[in-house]
Amino acid sequence: MASLSTAKRVVVKIGSALLVDRVTGHLRDDWLQTLAKDVADLKDNGTQVVLVSSGSIALGRGILNMPKTDLALEQSQAAAAVGQIRLAQAYETAMRPHGVTTAQVLVTLEDSRDRRRYLNSRATLEQLLSLGVLPIVNENDTIATDEIRFGDNDRLGAQIAASIGADVLVLLSDVDGFYSANPQTDPDATHFDVIDRITPEIEAMAGDAGSGLSKGGMKTKVMAAKTATAAGSTMAICAGDVMHPLQALNNGARATWFKAQLNPQDARKRWISAMKPFGALVVDEGAARALLNGKSLLPAGVTAVTGDFERGDPVSVEKADGTFICAGLSRYTASEVQAIKGRQSAEIEDILGYPGRAALVHRDDMAL
């Protein structure tokens, strides 16, 4: 199956039960050191890595000596506020000897539901990765309520993998893959090495039980797999409680691999193509040729604008005679495009009063 060492971009989800000792409530520093070495080795090999890490509430709960029973919302938020600082510090300390700069990115479910916020968070992650930084993403438990929560970091990991076009999503778990039943209670449970497609039968096999401080059960992992594989990411579930878990996976440790249904680029283009456009950008012949040759759309090539759209909304790009060229996501509002159409990108700041992006529609956000 997929190899981490040959992937261009990998997202790794780390659960609370792996990071925080269930008895003491303290961070498992020895384990974190081996994970840091694995991540550094991947980065040295040219792979971009994003960590989606639980642990802030579990860590804060231990520091504040809170009970291990379910916490009230305000208690969870208080624990998260304390734990987030310690968690970010722990990752920074673990990665520093390897020369890796870390960044904390806190999100809520609303950040993926709102297109503008989704694009902002995606752009931030892309910029961090381009700078060689290791983003560490967590749900913002200090402000999230039940209505705006992902609820588990399996699905958050899948959302991040989909948004940045990751080749591989790894769910480090307390089990070594997907079974036909719970292997802890059913000795006849069958392990799946590879799942080509998530069928209703596979979904029916998934249970709900989480473990210890972890909220995610197998059902959430299958839901994550559906999101990730549809977006072009191969997903692995593997045992994370071993030392050097990513190295072990890359060396062939037992796991379940869910096959991607498309590659990430094709999946993103299909997603863009399926959206109903909020407006249209009419372009001249020069811009049309450039687009067909894989270039981004610049303001200079736009001759007219129709519709009412915001930044991040889908638009169609057409010739003056109505010939459809492509669909894409606009990086400006309709009124902003109206102001800068036909102008050079260097003029954008003078026209709008603030520095803008050179492209109206970037080629990565375009489906021909």
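Residues numbered from 1 in each chain as written. Predicted model: local features only at pLDDT ≥ 70, side-chain atom pairs only at ≥ 80, totals over all residues. Heavy atoms only, no water.

Caption draft 1: Focus on the environment of leucine 51. Structurally, leucine 51 is set in strand E2 (residues 48–53). Put simply, leucine 51 and threonine 102 are 51 residues apart on the chain and 10.0 Å apart in space, counted from C-alpha to C-alpha. Apart from the residues lying within four places of it in its own chain, the contact partners of leucine 51 are Val12, Ile14, Val39, Tyr91, Leu134, Pro135, Ile136 and Val137. (Helix = DSSP H or I, 4+ residues; strand = E, 2+ residues; numbered from the N terminus. Contact = heavy atoms within 4.5 Å.)

Caption draft 2: Structural context of the pairing of strand E9 (residues 234–239). Counting buried positions over the six residues of E9 gives five, a clear majority of the element. Of the pairings in the sheet, the one linking strand E5 (residues 168–173) to E9 comprises six bridges and is parallel in character. Each residue of the ladder has a partner; that of leucine 169, found in E9, is methionine 235. (Buried < 20%, exposed > 50% of the residue type's maximum accessible area, 1.4 Å probe, protein only. Pairing = 2+ DSSP bridges.)

Caption draft 3: Broad picture of the pattern of salt bridges. Overall, the coordinates contain twelve salt bridges when judged by the stated rule. When the shortest N-O distance is used, the salt bridge between lysine 37 and aspartate 41 registers 2.9 Å. Of this pair, lysine 37 and aspartate 41 are both found in helix H2 (residues 29–44), four residues apart, which corresponds to roughly one turn of the helix. Where lysine 259 meets aspartate 196, a salt bridge forms, and the shortest distance between an N and an O atom there is 3.0 Å. (Salt bridge = Lys/Arg side-chain N within 4 Å of Asp/Glu carboxyl O.)

Caption draft 4: Spatial organisation of helix H3 (residues 56–63). Of all eight residues in H3, six are buried; the element is thus mostly enclosed. Along H3, the residues classified as buried are Ser56, Ile57, Ala58, Leu59, Gly60 and Arg61.

Caption draft 5: Seen up close, the sheet that holds strand E8 (residues 194–195). Strand order in this open sheet of eight strands is E3-E4-E2-E1-E5-E9-E10-E8, and the pairing throughout is mixed. Strands at the two margins of the open sheet, each flanked by one partner only, are strand E3 (102–107) and E8. Here E8 pairs with strand E10 (residues 255–258) via two bridges, running parallel. Each residue of the ladder has a partner; that of isoleucine 195, found in E10, is phenylalanine 258. Sitting on the sheet, helix H9 (residues 218–230) touches E5, E9 and E10, and the angle it makes with E9 is about 155 degrees. (Axes fitted to C-alpha atoms, helices over the stretch in contact; angles between N-to-C directions.)

Caption draft 6: Here's a closer look at the side chain of threonine 333. Among the structural elements, threonine 333 can be located in the loop between strand E14 (324–329) and helix H13 (334–340). With a relative accessible area of 11%, threonine 333 lands in the buried category. Apart from residues no more than four positions distant in its own chain, threonine 333 is found in contact with Arg116, Phe309, Glu310 and Arg311.

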